[in-house]
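Here's the letter readout for the chains.
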Amino acid sequence: MYFRITYLFFVLCACLMTSCDSTPKAPETKTEQLADSTYDDHSYSNLKEIRTSHLDLDLEVNFSNKTIYGVAHHTIINKGSDTAIFDIKGLLIQKITIGKGKNERETDFVIGNMDKDSILGQPLLVTVKPKTTQINIYYQTTTDSDALDWLDPALTSSKKHPFLYTQGQAILTRTWIPIQDSPSNRITYSAKIKVPKELMAVMSAKNSKRKNDSGTYYFKMEKAIPSYLIALAVGDLKYHAFSSKTGVYCEPQLMSSCKYEFEDLPKMMNAAEKLYGNYQWGQYDLLVLPYSFPFGGMENPRLTFVNPTVLAGDRSLVSVIAHELAHSWSGNLVTNRTWNDFWLNEGFTVYFEERIMEKLYGKEIADILALVEFHELQDELKRIKNSEHPEDSRLFLDLENRDPDAGMTDIAYVKGAFFLKTLEQKVGRKNLDIFLKNYFHKFAFQTINTSIFSEYLNENLLSKTKIDFDSKEWIYKEGIPENCVHLKSSRLDKMVQLAERVNNGEKALAPKITFKTIRRKGRKKRKMIVTKIERKDHIVQEWQTFIRALSPTIGKETMREIDNRLNFAKCGNAEIMTEWYVLGIRNNYKQIRPQITAFISKVGRRKYLIPIYEALCETPENKKWAKELFAKISLNYHAVSRNTISDLLNEK
Ligand code: BES
Ligand code: ZN
């Protein structure tokens, strides 16, 4: 399938191939690989010999044929190799030259085969000279460029203009830029992007704050970043500043919601800086994308990409923003060297996110957030234990020959965060905070792996405080160690109790009528008081806990009654709606099918789609319905979600 035209083209190019025998041998054993700071299971690039230090993009975004055309100019550091290897997937390479300006000369290149499972894409081998400092790759994207989501106007808020955005993490940057696509290499970049005049382009770089008349935008990212953080979006955008260094870009229709929802952004920034040191990227803006965006947020430097479902109308989902902001330290400043070290990005970020939430909204809220995640982690652990890869419950992963997406589980996020919470309990918050601040400072703008962290931890925290803490057990063993901190929340316990009463057939949600004696004008009077539970009485995580504790056999009648009282199905909060739809599917409550259809036709965030489609797959009838619906709406999703859901529906 994949090869089509590109393959023929590449076979022709192969005839021009020069020998690449000099390509040095990759490290073979796991120990050799770990010792090599450039080794990455998920990239073909030969970073040890030759690597990009700066990338300059000159691109044109063509919405009429949904293609990006242009040149990627790589400034390289060559340690004497005659071949530079890049990663590509779903790209058409037109020609490659070396040198600049007058000295630009065409050079030979060859494109290797796609890997067996089409995970990595293809290696692009370019012939260079020992003194070559620039490689220019002329290329265009194709319909197989999975990073790109081209949206027709109907899928945007304005319904008037098309939209394009990219998603690079984990290994999709190679589908829109020919690049050495490994997080172990950091590069600076600049770009000239030409877009239709009525649209504006923004990147994970220095951005202009308003649209210009020429349709050409220039960008610079002067701090070295890993390739997965290069990002572009093009649409009808407006900007609003919250402070001198924070703001939001969005389609004009979403602006008033954004202004309200993200008002605490400067406070979050203050809290984060107080915790772990100054923000290193200058500006911090949000970009609210169309609903198809497959994640809640993506920490593209200077410009976090956000799913519009975060605009819940009551600031109840802003922990996503705290999370992406935290990545400006954990992930963007100190970066996982390979996708096996993903927990260094996400575990630290979840811990940091919850510290920001605690500063802004208090410990009770932060604990509730962590506790809900801890419960989710228990389910994830069960799933992993019974899967083909029970070893995936280790923090340090082995994702060789697998899609790095497989490591995107609650292990990295929640076990990672609980590792730090447990450490905090052992060494004390003050000691841990000093340690973390120093850690971000020491490894700023570097990439590190799990063993470097482990060593740093031993030297700078554990041996100093003489604390007996088995970090190895947490990092290299399956499951959750016994010493893991225990959190409790009476507010969540109460929601479980409420759900249990419903499960037992009690009318627990019915209004309660009580009488109170009051005195009016010296006379005693009985006053009737009606108390009923309303949705606004509890926060999202409480309702989530309530719905999760409801039984899949409460039946349609009870579902209807709850829905009449609390209106979960149409409440506008995607977290609650997802839980409610899953429960509805399990209770065969077909009445909410129209709402489910509307939701999954519009929202492409994978975290919501997976549980809904999984629940639908539990009965043959629902699965058939889901497959038919997916066939109609799958183009509304970004390839990341589309591929996941397609795999899920096509499992035996
Ligand atoms: N960097 C991740 C998203 C990601 C991870 C994309 C791996 C591709 C591969 C982002 O920071 C993230 O974790 N998003 C979460 C937010 C949540 C934990 C608050 C999401 O989208 O659910
Ligand atoms: Zn994250």
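Note that the structure is a prediction, hence the values are computed from the model and not measured.

Asker: Residues and numbers for the coordination of the zinc ion (ligand 2), please.
Answerer: Donor atoms from the polypeptide that bind the zinc ion (ligand 2) are H323 (NE2), H327 (NE2), E346 (OE) and E346 (OE), placed at 2.0 to 2.7 Å. For the zinc ion (ligand 2), the six donor atoms in the first shell make angles of 53 to 160 degrees at the metal, a pattern classed as irregular. All donor residues of the zinc ion (ligand 2) come from one chain, and their arrangement in sequence is H-x3-H-x18-E. A residue pair is termed long-range when its members are at least 10 positions apart, and H323 in helix 5 (residues 319–326) and E346 in helix 6 (residues 342–361) qualify at 23 residues. Assigned by exposure class, H323 and E346 land together as buried.

Asker: Can you tell me about the packing of aromatic side chains, naming the residues and giving the values?
Answerer: As enumerated under the stated definition, the model contains 40 aromatic pairs in all. Between F374 and F418, the aromatic rings sit 4.7 Å apart at their centres with planes inclined by 45 degrees, giving tilted as the arrangement. With F374 in helix 7 (residues 363–385) and F418 in helix 8 (residues 410–427), the pair connects residues that are 44 residues apart, well separated along the chain. When its relative accessible area of 14% is taken as the criterion, F374 is described as buried. For F418, a relative accessible area of 2% corresponds to the buried category. Here F630 and Y637 contribute two aromatic rings whose centre-to-centre distance is 6.2 Å and whose plane-to-plane angle is 35 degrees, an arrangement assigned as tilted. Exposure remark for F630: the relative accessible area of 11% places this residue in the buried category. The ring centre of F515 lies 4.3 Å from the NZ or CZ of R526, which sits over that ring. Above the face of the Y291 ring, K602 is positioned so that its terminal group lies 4.3 Å from the ring centre.

Asker: I'd love a proper account of the sheet that holds strand 13 (residues 216–226), names of residues and values included.
Answerer: Taken in spatial order, the seven strands make up an open sheet running 5-4-8-2-1-11-13, and their pairing is mixed. Since the sheet does not close on itself, it has two edges, and those belong to strand 5 (105–106) and strand 13, each with one partner. Bridge count for strand 1 (residues 50–62) against strand 2 (residues 67–78) is 12 bridges, and the pairing is antiparallel. Following the sheet pairing, R51 is matched in strand 2 by I77.

Asker: So what's going on with the domain arrangement of the protein chain? Which residues, and what values?
Answerer: Parsing the protein chain into structural domains produces domain 1 (43–235), domain 2 (334–476) and domain 3 (490–649). Once you take the C-alpha centre of each, domain 2 and domain 3 turn out to be 31 Å apart. Between domain 2 and domain 3, the contact holds nine residues from the first and eight residues from the second. Around 770 Å² of area is buried between domain 2 and domain 3 when both sides are counted, 61% of it from carbon and sulfur atoms. Contact with domain 3 buries area across many residues of domain 2, yet I368, V372 and E376 alone supply 50% of it, more than any other trio. Seen at the junction of domain 2 and domain 3, the total is three salt bridges.

Asker: Could you give me a rundown of the nonpolar core, with the residues and numbers involved?
Answerer: In this structure, M203, F262, F419, Y439, F546, W580 and Y613 are the most contacted members of the largest nonpolar core, which totals 197 residues. Among the elements that line this core, the one with the most residues is helix 8, at 10 residues. What F262 contacts, discounting residues up to four positions off in sequence, is F242, V248, L286, V288, V306, V310, L311 and I321.

Asker: I'd love a proper account of the pairing of strand 16 (residues 246–250), names of residues and values included.
Answerer: Here strand 16 lies mainly inside the structure; five of its five residues are buried. Covered by surrounding structure in strand 16 are T246, V248 and C250 together with G247 and Y249, the residues of both alternating faces. Sheet topology places strand 15 (residues 238–241) next to strand 16; four bridges connect them, and they run antiparallel. Among the inter-strand pairings, A241 is bridged to a residue of strand 16, identified as G247. Hairpin connection from strand 15 to strand 16: four residues lie between these consecutive antiparallel strands.

Asker: Tell me what's going on with the packing of helix 4 (residues 265–276) against helix 6, and back it up with residues and numbers.
Answerer: When two helices pack together, you describe them by how their axes are tilted relative to each other and by the distance separating the axes. It is the contact of helix 4 with helix 6, at a shortest axis distance of 9 Å, that shows an interaxial angle of 120 degrees. Taken as axis vectors, helix 4 and helix 6 run oblique relative to one another. Taken as a pair, helix 4 and helix 6 cross one another with a handedness that is right-handed. Within the contact between the two elements, helix 4 uses K267, M268, A271, A272, K274, L275 and Y276 and helix 6 uses Y351, F352, R355, I356, M357, K359, L360 and Y361. Here the contact of helix 4 with helix 6 is built from residues that sort into 11 nonpolar, no polar and four charged.

Asker: Tell me about the site of ligand 1, and please be specific about residues and values.
Answerer: Residues in contact with ligand 1 amount to 16 residues; listed here are only the nearest, Q169, G296, E299, E324 and Y413. The side chain of E299 places a nitrogen or oxygen atom 2.6 Å from a nitrogen atom of ligand 1. The side chain of H323 places a nitrogen or oxygen atom 3.1 Å from an oxygen atom of ligand 1. Computed on the free molecule, ligand 1 has an accessible area of 520 Å², of which 90% lies beneath the protein chains in the complex. Of all the secondary-structure elements, those providing two or more residues to the shell around ligand 1 are strand 18 (297–298), helix 5 and helix 6. Ranked by residue count, the leading element in the shell around ligand 1 is helix 5, at three residues. In the shell around ligand 1, the residues fall into six nonpolar, six polar and four charged.

So, how was this worked out
Residues numbered from 1 in each chain as written. Chains lettered and ligands numbered in written order. Predicted model: local features only at pLDDT ≥ 70, side-chain atom pairs only at ≥ 80, totals over all residues. Heavy atoms only, no water. Donors = N, O, S within 2.8 Å, 3.2 Å for Na, K, Ca; no water. Tetrahedral: all angles 85-135°; square planar, octahedral: opposite > 155°, others 65-115°. Helix = DSSP H or I, 4+ residues; strand = E, 2+ residues; numbered from the N terminus. Buried < 20%, exposed > 50% of the residue type's maximum accessible area, 1.4 Å probe, protein only. Phe/Tyr/Trp six-rings, centres within 6.5 Å; stacked < 30°, edge-to-face > 60°. Lys NZ or Arg CZ within 6 Å of the ring centre and 35° of its normal. Pairing = 2+ DSSP bridges. Domains from an automatic or database assignment. Contact = heavy atoms within 4.5 Å. Buried area = accessible area lost by both parts, 1.4 Å probe. Salt bridge = Lys/Arg side-chain N within 4 Å of Asp/Glu carboxyl O. Core = buried A, V, L, I, M, F, W, Y, C linked by side-chain atoms within 4.5 Å. Axes fitted to C-alpha atoms, helices over the stretch in contact; angles between N-to-C directions. Parallel < 35°, antiparallel > 145°, perpendicular 65-115°, else oblique. Left-handed = near helix turned anticlockwise from the far one by under 90°. Nonpolar A, V, L, I, M, F, W, Y, C, P; charged D, E, K, R; others polar. Near = heavy atom within 4 Å. Polar contact = N/O pair within 3.5 Å; in protein donor to acceptor, adjacent residues only side chain to side chain. Areas by Shrake-Rupley, 256 points an atom, 1.4 Å probe, with all protein chains shown as cover.

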